[in-house]
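Single-letter residue listing:
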Amino acid sequence: MGLVIAALVAFIVLIYLLSSVKVVRQGYQYTVERFGKFTNVAQPGLTIIVPFFDRIGRRVNMMEQVLDIPGQEIITKDNAMVAVDGVVFFQVLDAAKAAYEVSDLYVAIMQLATTNLRTVMGSMDLDELLSKRDEINARLLSVVDHATEAWGVKITRVELKDIRPPADIVNAMTRQMKAEREKRATILESEAARQNEINRAEGLKQAQILEAEGRKEAAFRDAEARERSAQAEAAATKMVSDAIEGGSTQAINYFIAQKYVEAIGMFATSPNAKTILFPVEATQLMGTLGGIGELAKEALGDAARPSGAGSVPSTRGQQ
């Protein structure tokens, strides 16, 4: 009988010890209640409690969690009906507050995010909803995080997964986008045509300027050539005039021969002249050419004499 009682006592002690030892998993915190009143928070690891007096109240997940916001029908500021759904990322920072400040944390966060989603998006136009998702996320995060601070919860992110406008609005937006792109394409084509015309006009202008400069340069060169030819002709005429003034008959023969040769050249180049009749004898032409040769000899002889020597009159008769 004593052995049975000892075994029973040992069994009761073992049950008591096992009931007093609690293991808290990593990522969780347990609240400890004594007679239904919160006393402390059990951290991850081994925790000792007083059986029959203390008990584990709430098992609070301290890891970051994701809460899916179901699809919502929202009327925008410009009376467009859109369907919106999103997600909320949150993390419990204070297990006691999350356990005892709100009855159902997940339902409370979902309802809070849903109502604020309707408030924020209902104050915006449809175009703003589609183009300012980052701004909507930031406003929702600020509002929801401020509201859940009393619950010991930190809202880390609020993201809109999808915004679905009605089909007719989508079709209208598609047509608007197409018209806008066609408008920009037309503007770009007109700008390209305008620039092309400007480039062509600039090219034509530069070509005309270069052509005018070329004509100017050519005229300048022609005038310079004529000027030099006239100077040479004047110099030659002066030399011949000086020779005639000095009594040289060869100079006179030079002028006669020059005009004679020019006249014959005009006859030769005439398109209507097939047969040429000279009204002068060939010996007269040869004599005139001989006079030119004498003139050249005399000019060369005078150039070779000293500057003090006088000129010797020619003894040849006129041809």
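Small disclaimer: the values here were computed from a predicted structure and weren't measured.

Trainee: Looking at this structure, I do not really get the overall build of the protein chain. What am I missing?
Mentor: In terms of helices and strands, the protein chain carries 8 helices and 8 strands. Within the protein chain, the fraction of its 319 residues that count as buried is 24%. Within the protein chain, counting contacts between residues at least 6 apart in sequence, those at least 24 apart form 64% of the total. Accessible surface, the protein chain as shown: approximately 22,200 Å² in total, 59% of it carbon and sulfur.

Trainee: Hey, could you run me through the pattern of salt bridges in this one?
Mentor: Side chains bearing opposite charge may pair, as long as their charged atoms lie close to each other. Applying the stated criterion across every chain, the model contains 14 salt bridges. Note that aspartate 68 and lysine 161 form a salt bridge whose closest N and O atoms lie 3.3 Å from each other. Separated by 93 residues along the polypeptide, aspartate 68 in strand β6 (residues 65–75) and lysine 161 in strand β8 (residues 153–164) bring together distant segments of the chain. With relative accessibility at 45%, the residue lysine 161 sits in the partly exposed group. Glutamate 217 is paired through a salt bridge with arginine 221; the nearest N and O atoms lie 2.9 Å apart. Of this pair, glutamate 217 and arginine 221 both sit in helix α6 (residues 167–245), separated by 4 residues, roughly a single helical turn. Salt bridges here are not isolated pairs; linked through shared partners, they connect Glu217, Arg221, Glu224 and Arg228.

Trainee: Please clarify how the environment of methionine 110 should be interpreted in this entry.
Mentor: Within the element layout of this structure, methionine 110 appears in helix α3 (residues 105–122). The spatial distance from the C-alpha of methionine 110 to the C-alpha of proline 70 is 8.9 Å, given a sequence separation of 40 residues. If sequence neighbours within four positions are ignored, methionine 110 has contacts with Leu67, Asp68 and Pro70.

Trainee: I tried to follow the sheet that holds strand β5 (residues 54–61) on my own but got confused; where do I start?
Mentor: Within a sheet, adjacent strands bond to each other through the backbone by hydrogen bonds, running parallel or antiparallel. Taken in spatial order, the 3 strands make up an open sheet running β3-β2-β5, and their pairing is antiparallel. With partners counted over all chains shown, the strands left at the sheet margins are β3 (37–42) and β5, one partner each. Ignoring which end each strand starts from, the neighbouring axes of this sheet average 30° apart. With 5 bridges connecting them, strand β2 (residues 28–34) and β3 associate as antiparallel partners. Residue pairing across strands places tyrosine 30 opposite alanine 42, the latter belonging to β3.

Trainee: It is not clear to me how the environment of glutamine 43 should be interpreted in this structure. Could you clarify?
Mentor: As for its position among the elements, glutamine 43 is in the loop between β3 and β4 (45–48). The class of glutamine 43 is partly exposed, set by a relative accessible area of 43%. Along the chain, glutamine 43 and arginine 25 lie 18 residues apart, while their C-alpha atoms are 8.5 Å from each other. Ignoring anything within four residues of it in the chain, the contact list for glutamine 43 reads Val24 and Gln29.

Rules and cut-offs
- Residues numbered from 1 in each chain as written.
- Predicted model: local features only at pLDDT ≥ 70, side-chain atom pairs only at ≥ 80, totals over all residues.
- Heavy atoms only, no water.
- Helix = DSSP H or I, 4+ residues; strand = E, 2+ residues; numbered from the N terminus.
- Buried < 20%, exposed > 50% of the residue type's maximum accessible area, 1.4 Å probe, protein only.
- Contact = heavy atoms within 4.5 Å.
- Areas by Shrake-Rupley, 256 points an atom, 1.4 Å probe, with all protein chains shown as cover.
- Salt bridge = Lys/Arg side-chain N within 4 Å of Asp/Glu carboxyl O.
- Pairing = 2+ DSSP bridges.
- Axes fitted to C-alpha atoms, helices over the stretch in contact; angles between N-to-C directions.

Read these as geometric descriptors, not functional statements.
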